[in-house]
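This is what each chain is made of:
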Amino acid sequence: MTKNMNTNKNARHYLEFKDFSRDEYDYLFERMRIIKEKFKRYEPYLPLHDRTLAMVFEKASTRTRVSFEAGMYQMGGSAINLTTGDSQLGRAEPVEDTARVISRMVDIVMIRTYEQAKIKRFAEYSRVPVINGLTNEYHPCQILADIFTYIEQRGSIAGKKIAWIGDSNNVCNTWLQAAEVLGFHMHVSTPPGYPVEPERAGLSGNANYTVFANPVDACKGVDLVTTDVWTSMGFEAENEARKKAFAGWCVNREMMAAAKADALFMHCLPAHRGEEVEAEVIDGLQSVVWDEAENRLHAQKALLEFLLLGRVD
Ligand code: CP
Ligand code: NVA
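To start, this report covers the structure provided alongside it. Keep in mind that what you see is a predicted model, and the values were worked out from it rather than measured.

How each quantity is defined
Residues numbered from 1 in each chain as written. Chains lettered and ligands numbered in written order. Predicted model: local features only at pLDDT ≥ 70, side-chain atom pairs only at ≥ 80, totals over all residues. Heavy atoms only, no water. Near = heavy atom within 4 Å. Polar contact = N/O pair within 3.5 Å; in protein donor to acceptor, adjacent residues only side chain to side chain. Areas by Shrake-Rupley, 256 points an atom, 1.4 Å probe, with all protein chains shown as cover. Nonpolar A, V, L, I, M, F, W, Y, C, P; charged D, E, K, R; others polar. Disulfide = S-S within 2.5 Å. Buried < 20%, exposed > 50% of the residue type's maximum accessible area, 1.4 Å probe, protein only. Salt bridge = Lys/Arg side-chain N within 4 Å of Asp/Glu carboxyl O. Helix = DSSP H or I, 4+ residues; strand = E, 2+ residues; numbered from the N terminus.

## Observations concerning the site of ligand 1
- Every residue lining ligand 1 is accounted for by Ser61, Thr62, Arg63, Thr64, Arg112, His139, Gln142, Cys268, Leu269 and Arg296.
- The backbone of Thr62 places a nitrogen or oxygen atom 2.7 Å from an oxygen atom of ligand 1.
- Between an oxygen atom of ligand 1 and a side-chain N or O atom of His139, the distance comes to 2.8 Å.
- Coverage of ligand 1 by the protein chains reaches 95% of its 260 Å² of free accessible surface.
- Residues that form the shell around ligand 1 fall into these classes: two nonpolar, five polar and three charged.

Structure below.
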């Protein structure tokens, strides 16, 4: 096989959660478990020894950057980090041209950017797989790790109830897509003026979520409570207005008490204690945020392996 001879029609991308089927997720969650075990045992696993990942960050990152870069190195590959400031993207080189060039030199690309339309354009002109490392609309890699974390702690997520409290943002949209793909139910509570936008979330219907005006009601009887910042990257100009609008949507002990006794708390991080979550909740016994963050590494490695090598067992 000749390197990079894929046409863009053949390359498999991961731009939204619904890009993979339930069956493929079952496979991926099992690969995450196996890859994590190898990592914990210091067992070398170098299936990507000749492969290169290019990462393009147009927004800040800690977890996504470290998990992709460390993940590539740990699997024997290499990673290149590009930002708007140090590449020609910041000087208005068209995204189509950037995609054509980068994808002739590397094996896979991860992009964190603003509009989903931009990553879709990049993927259209890329010869190699493109991964969404967060856009204004979606954050599929995050929910990949979150659901793996849920499975590790509690088993299958199918049929479970998950409360989303706060902003109807990229992470919320991705949870909503995941509910459709994997068969669970979301209880969503967002402040007036920040409703779920089904079309923007890429939903096929409303069967997998229920909207609650009161966040405590949304938490009643759920298996997992999750939230995220009130102001996502790119929306900083709205920060003061959002602080006022979201004041009643801080995940607190009353909300956790309304959930099932063994309910978990998750947050993709970074978190603002005292805004979207009380310190007593994120630092409390039901919180699994550090496992959730670590699992970004194992999830990313399984994703890279799948997109580059296909099914390996
Ligand atoms: N959760 C997440 O994606 O974190 P970073 O912004 O640090 O990558
Ligand atoms: N919704 C947040 C997630 C950060 C990981 C943002 O987009 O800034």
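## Quick look at the state of the cysteines
- Considering all chains together, one arrives at zero disulfides under this definition.
- The thiol of Cys141 is not disulfide-bonded; the next cysteine sulfur, from Cys268, is found 12 Å away.
- In this structure Cys268 is a free cysteine whose sulfur lies 11 Å from that of Cys172, the closest cysteine sulfur available.
- On the accessibility criterion, Cys268 (8% relative accessible area) is buried.

## Things to note about the pattern of salt bridges
- This structure, assessed with the given rule, holds 26 salt bridges.
- Of the charged contacts, one joins Lys38 and Glu43 as a salt bridge, the two residues approaching to 3.3 Å between their closest N and O atoms.
- Classification of Lys38 by relative accessible area gives buried; the value is 16%.
- A residue is classified by how much of its surface remains accessible, and Glu43, at 31% relative accessible area, is partly exposed.
- Here Lys260 ties to Asp223 by a salt bridge, and the two come within 2.8 Å at their closest N and O atoms. Placement of Lys260 in the loop between α9 (253–258) and β9 (264–267) and of Asp223 in the loop between α7 (215–219) and β8 (224–227) is noted, with a sequence separation of 37 residues between them.
- Taken together, the shared-partner salt bridges connect Glu30, Arg33, Glu37, Lys38, Arg41 and Glu43 into one network.

## Examining unusual backbone geometry
- Here Leu269 and Pro270 are connected by a cis peptide whose omega angle stands at 5 degrees.
- Tracing the backbone through its elements, the reader meets Pro270 in the loop between β9 and α10 (279–282).
- Here the phi dihedral of Ala92 falls at roughly 70 degrees; this positive angle occurs in a residue that is not glycine.
- For Ala92, the position within the fold is in the loop between β2 (78–83) and α3 (95–105).
- Positive phi outside glycine occurs at Leu269, with the angle close to 70 degrees.
- Turning to its location among the elements, Leu269 is positioned in the loop between β9 and α10.
- When its relative accessible area of 10% is taken as the criterion, Leu269 is described as buried.

This is a description of form; function is not addressed.
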